[in-house]
Amino acid sequence: MTGRGRRQAGQVAPVVLRHTIRFVLLSGGMFVVIAAMAFMEGIVLWLAGTRYSPKSSLTRTSVGDFSISANGEWAVSRISLSRKSLGSVVHDVLLHNLRDQRTERLHVGSCRPGYVAVSPTAETIAIAGWDGSLRIWNGLPNRGASYSMDGQCLRLPDGPPVRFSCLVFSSDGCLLAAEGNRSTCLWRWPSGELLHQWPHDGGLPGLLSFSSDSRRILVLGTQGRVCLRDTSTGQAINVISPDDGPVAIGALSPDARLAALVSNSAVRVYSLAGGEELWRRPIGGPSIAFSPDGRFLAATAAGSRGYCCRVYNASGGMFLCDLTGHDAVITGLSFACDGLLYSWDTRGVIRAWNVEQQRQQWCFSLLTWASNDRSFRGAPEDLRTGR
């Protein structure tokens, strides 16, 4: 190597050394900052008393059914979740205090719950099982008492086992209705006396709705018809015969003057005074609900901003707003007596909406709640099902 080459090599070596030292210092500084942030987050979690359960262990969560008490204070939901450690699905029922925004697990998975309904005071919860059973659980939620299964059994219809697809208590708490795969049953409550049984075309449509005074009920009939019936006599008061396909779901306005029916991806609103169709709109979801005052009709839909609750003027059909926020298919809607609209989706998220102000007021994530609930870290064997 010439003297010139040795001089150039001597000049390059310090430059490489400086860059190497600078890289090591920057990498070390970043590592220290990340470690400090992780340490501070651990301190915060420890001080808050939170025991962390990895969300990655929950592979799927969903809300299958949701029922609100007539006083608007309580709700029950039938939930499902999968855990890698269990290798199966856990079904259970949750009790929600909507005013205090508290949730507790009822540990009724052994009943294989499919559909739920809560009485006006939340002292009674009806649970329809996947095996066709219909069980009653009693408790005093305001006193913090746990629920226990009632020894009394409802008289079920004669014949083959019935699989129920919908349960509803009347607003006064004196009636319990259940829609099965072949008929709709109405019981007097709390005696459990079977008052009426109305046949329908079959399937599990999920069409069952009381009027606010509990004197009328909207049910599915035969030959594709929908009937408004008197709950005392069981007689049909009005009959609607849609001519555009079978009805999938429906809802009755609180004053029993309007009926909203969904078929062929469209919602149609009928007058129960004359039976004529008032208006129709296309929708893309499986649920509709009238507001307590009868002014609004909410329907699930898929809008330009994702899945939403679409709100219309109930009497005229004028579009009012889209309530957006869900990032999964919305499977159900229900209004509470205070006017809040509740929606739930296939990812286990329940949202409460203020329709008047067109904003979200409350949100519950089953994934977040279950990740921090110690009972889901080691579920008892009787809560594990293969369904």
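Residues numbered from 1 in each chain as written. Predicted model: local features only at pLDDT ≥ 70, side-chain atom pairs only at ≥ 80, totals over all residues. Heavy atoms only, no water.

Draft legend 1. Structural context of the overall build of the chain. The helix and strand inventory of the chain stands at 2 helices and 29 strands. With 387 residues in all, the chain has 50% of them scored as buried. In the chain, the share of contacts with a sequence separation of at least 24, taken over all contacts with a separation of at least 6, comes to 41%. Looking at the chain as shown, the accessible area adds up to about 18700 Å², and 53% of this sits on carbon and sulfur atoms. (Helix = DSSP H or I, 4+ residues; strand = E, 2+ residues; numbered from the N terminus. Buried < 20%, exposed > 50% of the residue type's maximum accessible area, 1.4 Å probe, protein only. Contact = heavy atoms within 4.5 Å. Areas by Shrake-Rupley, 256 points an atom, 1.4 Å probe, with all protein chains shown as cover.)

Draft legend 2. Fine view of the confidence of the model for the chain. On average, residues of the chain score 81 in pLDDT, and 79% of them are at 70 or above. At the low end of the mean pLDDT range in the chain sits strand β29 (residues 384-385), at 35; at the high end sits strand β21 (residues 288-290), at 95. With pLDDT under 50 throughout, residues 48-56 is counted as low confidence; its partners more than four residues away or in other chains account for 13 contacts. Below pLDDT 50 for its whole length, residues 378-387 participates in 29 contacts with residues either more than four positions away or in separate chains. (pLDDT = per-residue confidence, 0-100.)

Draft legend 3. Structural detail: the nonpolar core. In terms of nonpolar packing, the biggest core is built from 20 residues, with Phe66, Ile68, Tyr342, Ile350, Trp362 and Phe364 touching the most fellow members. Among the secondary structure elements, those contributing two or more residues to this core are β1 (58-68), β2 (74-83), β3 (88-97), β26 (341-345), β27 (349-354), β28 (359-365) and α2 (366-371). If we ignore the near neighbours within four places in the chain, the residues touching phenylalanine 66 are Ala75, Val76, Ser77, His96, Tyr342, Trp344 and Ile350. Listed in part, the 17 residues of the second largest apolar core include Tyr115, Phe164, Ala178 and Trp189. (Core = buried A, V, L, I, M, F, W, Y, C linked by side-chain atoms within 4.5 Å.)

Draft legend 4. Quick peek at the pattern of salt bridges. Under the definition given, this model contains 11 salt bridges. For arginine 105, the salt bridge identified is with aspartate 92, shortest N-O distance 2.5 Å. One end of the pair, arginine 105, is in strand β4 (residues 102-105); the other, aspartate 92, is in strand β3, and 13 residues separate them in sequence. The exposure classification of arginine 105 matches that of aspartate 92, with both residues buried. The partner of aspartate 230 in a salt bridge is arginine 216, with the nearest N and O atoms 3.3 Å apart. In this pair, aspartate 230 sits in strand β15 (residues 226-230) while arginine 216 sits in strand β14 (residues 216-220), placing the two residues 14 residues apart along the sequence. A network of salt bridges, in which partner residues are shared, links Asp293, Arg295 and Glu356. (Salt bridge = Lys/Arg side-chain N within 4 Å of Asp/Glu carboxyl O.)

Draft legend 5. Up close: the sheet that holds strand β19 (residues 266-271). In spatial order, the strands read β17-β18-β19-β20; together these 4 strands make up an open sheet with antiparallel pairing. Of all strands in the sheet, those bounded by a partner on one side alone are β17 (249-252) and β20 (277-282). Neighbour-to-neighbour, the strand axes of this sheet turn through a mean angle of 15°, independent of strand direction. Sheet topology places strand β18 (residues 258-263) next to β19; 6 bridges connect them, and they run antiparallel. If you follow valine 262 over to β19, its bridge partner there is valine 267. (Pairing = 2+ DSSP bridges. Axes fitted to C-alpha atoms, helices over the stretch in contact; angles between N-to-C directions.)

Draft legend 6. Layout of the sheet that holds β26. Read from one edge to the other, the open sheet built from 4 strands follows the order β25-β26-β27-β28, with strand pairing classed as antiparallel. In this open sheet, the two edge strands, each paired with only one partner strand, are β25 (330-335) and β28. Mean inter-strand twist for the sheet, computed between neighbouring axes without regard to direction, equals 20°. Taken together, the 4 bridges between β26 and β27 define a ladder with antiparallel strand orientation. Considered in β27, the bridge of leucine 341 is made with tryptophan 353.

Draft legend 7. A look at the environment of leucine 156. Locating leucine 156 in the fold gives a position in the loop between β8 (148-149) and β9 (164-169). With relative accessibility at 33%, the residue leucine 156 sits in the partly exposed group. Sequence separation of leucine 156 and glycine 132 is 24 residues, and the distance between their C-alpha atoms is 9.7 Å. Here leucine 156 is in contact with Gly132, Leu134, Phe164 and Trp187, once residues within four sequence places are set aside.

Draft legend 8. Seen up close, the pairing of β27. Within β27, 6 of the 6 residues are buried, which leaves it mostly tucked inside the rest of the structure. Burial of β27 is two-sided: the residues Val349, Arg351 and Trp353 facing one way and the residues Ile350, Ala352 and Asn354 facing the other way are all buried. Linkage of β26 to β27, two consecutive antiparallel strands, is achieved through a turn of 3 residues, within which glycine 348 is found at a positive phi near 80°. A loop of 4 residues connects β27 with β28, the two strands running antiparallel in sequence, and glutamine 358 in this loop sits at a positive phi of about 55°.

Draft legend 9. Region of the structure containing the environment of leucine 106. In this structure, leucine 106 sits in the loop between β4 and β5 (113-118). Linking leucine 106 and valine 93, residues 13 residues apart in sequence, is a C-alpha distance of 5.7 Å. Ignoring anything within four residues of it in the chain, the contact list for leucine 106 reads Asp92, Val93, Leu95, Ile125 and Tyr147.

Draft legend 10. Local environment of the packing of aromatic side chains. On inspection of all chains with the given rule, the structure shows 10 aromatic pairs. Where phenylalanine 66 meets tryptophan 344, the ring centres are 5.0 Å apart and the plane angle is 40°; that geometry is what we call tilted. Here phenylalanine 66 is found in strand β1, whereas its partner tryptophan 344 is found in strand β26, with 278 residues between them in sequence. Side by side, phenylalanine 66 and tryptophan 344 carry an identical accessibility label, which is buried. Taking the centre distance of 6.1 Å and the plane angle of 70° together, the rings of tyrosine 342 and tryptophan 362 count as edge-to-face. Within this pair, whereas tyrosine 342 is found in strand β26, its partner tryptophan 362 is found in strand β28, the two being separated by 20 residues in sequence. Given a relative accessible area of 9%, tryptophan 362 falls into the buried group. Cluster of aromatic residues (ring-pair linked, three or more members): Phe66, Tyr342, Trp344, Trp362, Phe364 and Trp369. (Phe/Tyr/Trp six-rings, centres within 6.5 Å; stacked < 30°, edge-to-face > 60°.)

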